[in-house]
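In case you want the letters, here they are:
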Amino acid sequence: MSREEAKAGLSAEGEEPEPDEAVPARPLEEPGHDSADAGASNGRNEARFRLTLAARGVAKWIGSDLGLDHGAGAEAAFGTRSSRGFGVRGRATFEYGFGQSFESGALVASVRTTAVRGGVDVTYGFGLSALSLGALAGVDVSRLSPRAEPGSGLFLAADGTSTAPLFRIEARYELHVAAFCAAAGALTDVSLVDTHYDVADAAGARRVATASRVRPGVALTVGVCPVL
């Protein structure tokens, strides 16, 4: 029995014949497109490099004898940030102190400190924001300038410079908008040496001011941070 005769027989019995089964057409693939490669590309953890150049302001508590030190400077950083938000960068800072002073009788002395630090930050970014934790080391270069009141009879030593090694921990919040960035954070400097200032007279040497070894502070930065 032919196919047409079978269809006719089904129609005579009141049943509708089933339509011929359609063969689905295979979609055409775009030239050069590979679905396996696309999946691998979407899952790839691509790193981006960021350069930072910023102006910096800082304030630190040096102890009850010297009080608050504040200054301004600059910082530079370069590092990576993965597509998952984690990153690492190297960072260097320079801070020029505006000066502090202390008195002892007829003696008045000023101290001006320049701080240089370098180290590594670990960062985590989310959206336009980022958190960072840094460990840096460097030196404080301090210049002491003593002065005496007229008629005091004191013999003063010449201005002198001293250098002290320090270690710093700095945590901060960062905001990145296009190629511009700003950050605010807290820091702690730990001096590896004991810094103090003495006066020598006929009665011998006596200490008139001591800098704390642990020096908490805050820092603000504003600058440019293009992604390379």
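Shown above is the structure to which this text applies.
Residues numbered from 1 in each chain as written. Predicted model: local features only at pLDDT ≥ 70, side-chain atom pairs only at ≥ 80, totals over all residues. Heavy atoms only, no water.

Moving on to the overall build of the chain. Scanning the chain for helices and strands turns up 2 helices and 11 strands. Classification of the 228 residues of the chain by burial places 32% in the buried group. Residue pairs in contact within the chain that sit at least 24 positions apart in sequence constitute 62% of those at least 6 positions apart. For the chain, the exposed area adds up to about 14000 Å²; of that, 62% sits on carbon and sulfur atoms. (Helix = DSSP H or I, 4+ residues; strand = E, 2+ residues; numbered from the N terminus. Buried < 20%, exposed > 50% of the residue type's maximum accessible area, 1.4 Å probe, protein only. Contact = heavy atoms within 4.5 Å. Areas by Shrake-Rupley, 256 points an atom, 1.4 Å probe, with all protein chains shown as cover.)

Let us now look at empty space enclosed by the protein. In total, this model carries 3 cavities of 30 Å³ or more according to the counting rule given. Its volume calculated, the largest cavity comes out at about 160 Å³. Lining the largest cavity are 15 residues, with Arg-50, Thr-80, Arg-81, Arg-89 and Thr-123 positioned closest to its centre. Put simply, the parts of the chain that give the lining of the largest cavity at least two residues each are β1 (47-61), β2 (68-82), β3 (86-97), β5 (107-126) and β7 (160-177). Per element, the largest residue contribution to the lining of the largest cavity is 5 residues, and it comes from β2. Across the lining of the largest cavity, the residue classes break down as 4 nonpolar, 6 polar and 5 charged. Of the pockets and cavities examined, the second largest cavity occupies roughly 70 Å³. Forming the boundary of the second largest cavity are Thr-52, Ala-54, Glu-75, Arg-89, Arg-172, Glu-174, His-176, Cys-181, Ala-182, Ala-183 and Thr-221. (1 Å grid on protein atoms, 1.4 Å probe; cavity = no way out; pocket = protein on both sides within 12 Å on 5 of 7 lines; lining within 4 Å. Points joined across faces, edges and corners; volume = space filled by probe spheres on them. Nonpolar A, V, L, I, M, F, W, Y, C, P; charged D, E, K, R; others polar.)

This part takes up the environment of Ser-101. Inspection of the secondary structure puts Ser-101 in strand β4 (residues 100-104). The spacing of Ser-101 and Pro-146 is 45 residues in sequence and 9.4 Å in space, taken between C-alpha atoms. Discounting residues that sit within four places of it in the chain, Ser-101 has contacts with Ala-109 and Ser-110.

Attention now goes to a nonpolar patch on the surface. Residues Phe-86, Tyr-124, Phe-126, Leu-128, Leu-131, Tyr-173, Leu-175 and Val-177 make up a contiguous nonpolar surface patch of roughly 760 Å² in combined accessible area. For the nonpolar patch, the elements supplying multiple residues, two or more each, are β5 and β7. If one sorts the elements of the nonpolar patch by residue count, β7 sits on top with 3 residues. If you trace the backbone, Phe-126 turns up in strand β5. The exposure class of Phe-126 is partly exposed, given its relative accessible area of 40%. (Patch = residues over 30% accessible without salt bridge, like charges linked within 9 Å, V, L, I, M, F, W, Y side chains within 5 Å. Salt bridge = Lys/Arg side-chain N within 4 Å of Asp/Glu carboxyl O.)

Look at any regular strand and the pattern is simple: side chains alternate between the two faces of the sheet. Strand direction decides the pairing type here: β1 and β2, joined by 15 bridges, are antiparallel. Counterpart to Leu-51 in the pairing with β2 is Phe-78. Between β1 and β2, which pair antiparallel and follow one another directly, the connecting turn spans 6 residues, one of which, Gly-63, has a positive phi of 130 degrees. Sheet analysis places β2 next to β3, joined by 11 bridges and oriented antiparallel. Bridge assignment links Phe-78 to a residue of β3, and that residue is Gly-90. Counting the residues between successive antiparallel strands, the hairpin from β2 to β3 contains 3 residues, one of them, Gly-85, with a positive phi of roughly 105 degrees. (Pairing = 2+ DSSP bridges.)

Within the largest apolar cluster, 11 residues are counted, these being Ile-62, Leu-66, Phe-102, Leu-107, Ala-109, Val-111, Tyr-197, Val-199, Val-208, Ala-209 and Ala-211. Those elements that provide at least two residues to this core are β5, β9 (196-201) and β10 (204-210). The residues contacting Val-208, other than those within four sequence positions of it, are Phe-102, Ser-104, Tyr-197, Asp-198 and Val-199. (Core = buried A, V, L, I, M, F, W, Y, C linked by side-chain atoms within 4.5 Å.)

This part covers the pattern of salt bridges. On inspection of all chains with the given rule, the structure shows 20 salt bridges. Of the charged contacts, one joins Arg-56 and Glu-95 as a salt bridge, the two residues approaching to 2.8 Å between their closest N and O atoms. You can see Arg-56 sitting in strand β1 and its partner Glu-95 sitting in strand β3, a full 39 residues away along the chain. No difference in accessibility class separates Arg-56 from Glu-95, as the two residues are buried. For the salt bridge of Asp-121 with Arg-89, the shortest nitrogen-to-oxygen distance reads 2.9 Å. Of this pair, Asp-121 sits in strand β5 while Arg-89 is found in strand β3, placing the two residues 32 residues apart along the sequence.

Our next topic: the side chain of Glu-95. A relative accessible area of 3% places Glu-95 in the buried class. Polar side-chain contacts of Glu-95 include one of 2.8 Å to the side chain of Arg-56. Once residues within four sequence positions are removed from consideration, Glu-95 is found in contact with Arg-56, Val-58, Lys-60, Ala-72, Gly-73, Thr-113, Thr-114, Ala-115 and Arg-168. (Polar contact = N/O pair within 3.5 Å; in protein donor to acceptor, adjacent residues only side chain to side chain.)

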